[in-house]
Structure formats: C-alpha cells, structure tokens
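# Structural description and commentary
Residues per chain are reported as follows:
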Amino acid sequence: MRSALVIGTGLIGTSAALALTARGVAVHLADHDPEQARTAAVLGAGTDEEPQGPVDLVIVAAPPAHVAGALADAMRRGLGRGYLDVASVKGGPGRELEELGLDPVLLSRYIGTHPMSGREKSGPLAASGDLFEGRPWVLTPTRETDTEVLNLALELVSHCRAVPVVMDADAHDRAVALVSHMPHLVSSMVAARLEHAEESAVRLCGQGIRDVTRIAGSDPRMWIDILSANPGPVADLLSEVAADLDETVQALRSLQSSDEAKRREGTDGIHDVLRRGNAGQVRVPGKHGSAPRAYETVAVFIDDQPGQLARIFADAGMVGVNIEDVRIEHATGQQAGLVQLMVEQNAAPALTAALRERGWTIRQ
C-alpha cells in the first residue's frame, strides 16, 4: 500500500490516517466539513488535497447511516483499487450498498471492517496513531470479496498494529450489541441516576461508580448513529436485562419481608444474579486478549505529586517484578490516592517487602 484516501476525519479516520502516515503511506483526507480535514492534516495525518488518481485503498470513516452512500460515491468515481469502511455496524451498511445497484465487480472491491477501539471523546483532536495497537480489528469478507482487497485490509490492520479477526457481518453486529452497544446504554442509565442526585450523595462517588459510568461520557450524537444502525440486537439484549432487573427488584422486595421464607427466597434471588455476574465477568479476556488470570493486588498509598508513579514502577523493576495492570483510586477531599498494582501471585510478597523497605505505605 503506497496511498490511501480517508473519507471522514473524526477520531477513527484520523487515527488510522496517523498510523498509515507514520508507516510511509501517502494519505489524502476528505470530510464533509473541510475544516475538520484541515485540522487532521495539521496534526500530521496526511494532506487535505485531492489525490491525482486512484489510491490503493479508500477508507470510509463515516457514521453507519452514511457509509453506503459514501462508498457508492467513491466507487462510481473510481477513487481507489480497494474500499473499506470502519463503522461499528456491518450488516446494514453492507446490504444498503448492495441495494444501490452497483456493478458486482465494484462490490467485490469492498470489505466491511470494524476496529474495536475508541475513546469517550470524538473528532480529529482526540485521535492517536496508536489508538488501535493490540486491539481486535474485525474483517467481514464475503465469498465475493476480492483477495487483493482482503490483503489491503490486512495490511491496514498491520500498519495500525491491531489484531485481525474474521467474522460474519451479522454475527459481528450481535457480538458488538452484547459487548459494546448494550453496556453503553446501561452505563448511561446508571449515570442518569446521578443527574439530579443530592450533592452530598454524589460526593461519595468512588472507583466503582467511576468504572460503571466511564463510557457514559461519550458523544450522544455519535451513539444515536450507532444504535440506529443496530437497534434489533440491542433491544433484544436490553429485554433480557430488563427481565433480570424485574427479578432482582422482586428479590430485594422479598428481603424486606418479615416472612422468613420470603427473605430466603430474596437471598437466593440476589445470590443467583451475583453468581451469574461472577461467571460472566471471568469470561472477559485478560491481558493481550488471553484467557483471564488471577493476579494479586498490592495497594500502595501515594501523594498526588509528580513522579510518584514513576518511583513505584522503578522500585518494582529493581526487584524484577512486572506490573501486569494498575488502577488508581483517588481519595475524596485529599491530595492523595491508592495505587493498586496487579502482579503475579508469587511476586506479591517480594514486591510488598521491597516497597516497604523503600518507604512506601502498603494497605493490608
């Protein structure tokens, strides 16, 4: 791949353009808002000048509702040798493209893809050339997909240092409804409870509520586009969640009862939903997408000052302990926090002892 045209210079399009430019690909940028394309160009994602001839790969990074139209326009104008989109929904845009009456040869030059990465912020200023590094990038080829186009898509994934995953388009849409679209709505519904809550209650927010509501900070307009393209599978999953909620509410009401049998029934109901939650949570892939592993947590108190994390990591490195994961919980009303270092279980005692020797306070 020597040249590419990115149509749509938001977070995903600009991030892909930055990664390609860094690998020496000549990238051209286009957007319905020319100012946004110019911003991406200033950031080093490529040039907002039109290509002089067909590029190797046209990447459409438009909202799902506009993907088919943008692809059809690019194909009819002969802008590239291969075409792909990066929308978060695959079945609908692919079928819409087929319904536009394009020549089958042109359709064979297209492949649907979806990089499973993003941020709560949108637009070119939020973009990063390493946004996709180590993340799954779904490819949805059909029997008609040209091999050259599949290879171009794989080359794009490689340049972005992502991990290719091949799926059927409709299976992909059901999967992202489960792991992305439905959780986003649930997160938003939990966060909505805070909108008019008492300030005294909101001040008690800890890491748990931050974890649950983090993704609720995303752009509503972007999510309306996504959910409008995949409403059926998301609605089906929310119906199942609603049934679980009804059962959980009934179980909690039973716990209020003065009848011992009802309280036992309520306890069993709550235990069941928590047990099923445990069983689902352990299936979430672990580090680098591998099977989840149990790590030991070493919790260290730190002051909110420059260099504290660097010191902890350096001290861990001095005793040969690899930090597998890290979380920070900030103290309420204090310039301090708790750093949770996840390490292999057999490394935890040595790390705890070493950090204590170097003056760190460890929470038991």
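As the structure is a computational prediction, the values presented were derived from the model and not from experiment.

About the criteria used
Residues numbered from 1 in each chain as written. Predicted model: local features only at pLDDT ≥ 70, side-chain atom pairs only at ≥ 80, totals over all residues. Heavy atoms only, no water. Salt bridge = Lys/Arg side-chain N within 4 Å of Asp/Glu carboxyl O. Helix = DSSP H or I, 4+ residues; strand = E, 2+ residues; numbered from the N terminus. Buried < 20%, exposed > 50% of the residue type's maximum accessible area, 1.4 Å probe, protein only. Pairing = 2+ DSSP bridges. Axes fitted to C-alpha atoms, helices over the stretch in contact; angles between N-to-C directions. Contact = heavy atoms within 4.5 Å. Patch = residues over 30% accessible without salt bridge, like charges linked within 9 Å, V, L, I, M, F, W, Y side chains within 5 Å. Areas by Shrake-Rupley, 256 points an atom, 1.4 Å probe, with all protein chains shown as cover.

Right, let's talk about the pattern of salt bridges for a bit. In this structure the tally under the stated criterion is 15 salt bridges. One salt bridge in this structure joins Arg 276 and Asp 244, with 3.2 Å as the shortest N-O distance. Of this pair, Arg 276 sits in helix 12 (residues 260-281) while Asp 244 sits in helix 11 (residues 231-255), placing them 32 residues apart in sequence. On the basis of relative accessible area, Asp 244 is assigned to the partly exposed category, the value being 28%. Via salt bridges that share partners, Asp 56, Arg 81, Arg 109, Asp 146 and Glu 148 belong to a single interconnected network.

Ordered in space as 9-10-8-11, the four strands form an open sheet in which the pairing is antiparallel. At either margin of the open sheet sits one strand with a lone partner, and together these are strand 9 (325-330) and strand 11 (361-363). This sheet shows a mean twist of 30° between the axes of neighbouring strands, independent of strand direction. In the packing of helix 14 (residues 348-357) onto the sheet, contacts are made with strand 8 (296-303), strand 10 (336-343) and strand 11, and the angle to strand 8 comes to roughly 15°.

Taken N-terminus to C-terminus, the directions of helix 4 (residues 91-99) and helix 7 (residues 169-192) make an angle of 145°; their axes are 8 Å apart at the nearest point. Facing Gly 91, Gly 92 and Arg 95 of helix 4, the residues of helix 7 in contact are Ala 169, Asp 170 and Asp 173.

Turning our eyes to something else, we now look at a nonpolar patch on the surface. A contiguous nonpolar patch, built from Leu 309, Phe 313, Val 326 and Ile 328 and spanning about 270 Å² of accessible area, is present on the exposed surface. Tracing the backbone through its elements, the reader meets Val 326 in strand 9. Residue Val 326 is classed as partly exposed on the basis of its relative accessible area, which comes to 33%.

With that settled, the discussion passes to the environment of Asp 48. Its place among the elements puts Asp 48 in the loop between helix 2 (34-42) and strand 3 (55-60). When its relative accessible area of 34% is taken as the criterion, Asp 48 is described as partly exposed. Considered as a pair, Asp 48 and Val 6 are 42 residues apart in the sequence and their alpha carbons are 9.7 Å apart. Setting aside anything within four residues of it in sequence, one finds Asp 48 in contact with Leu 29, Ala 37, Arg 38 and Ala 41.

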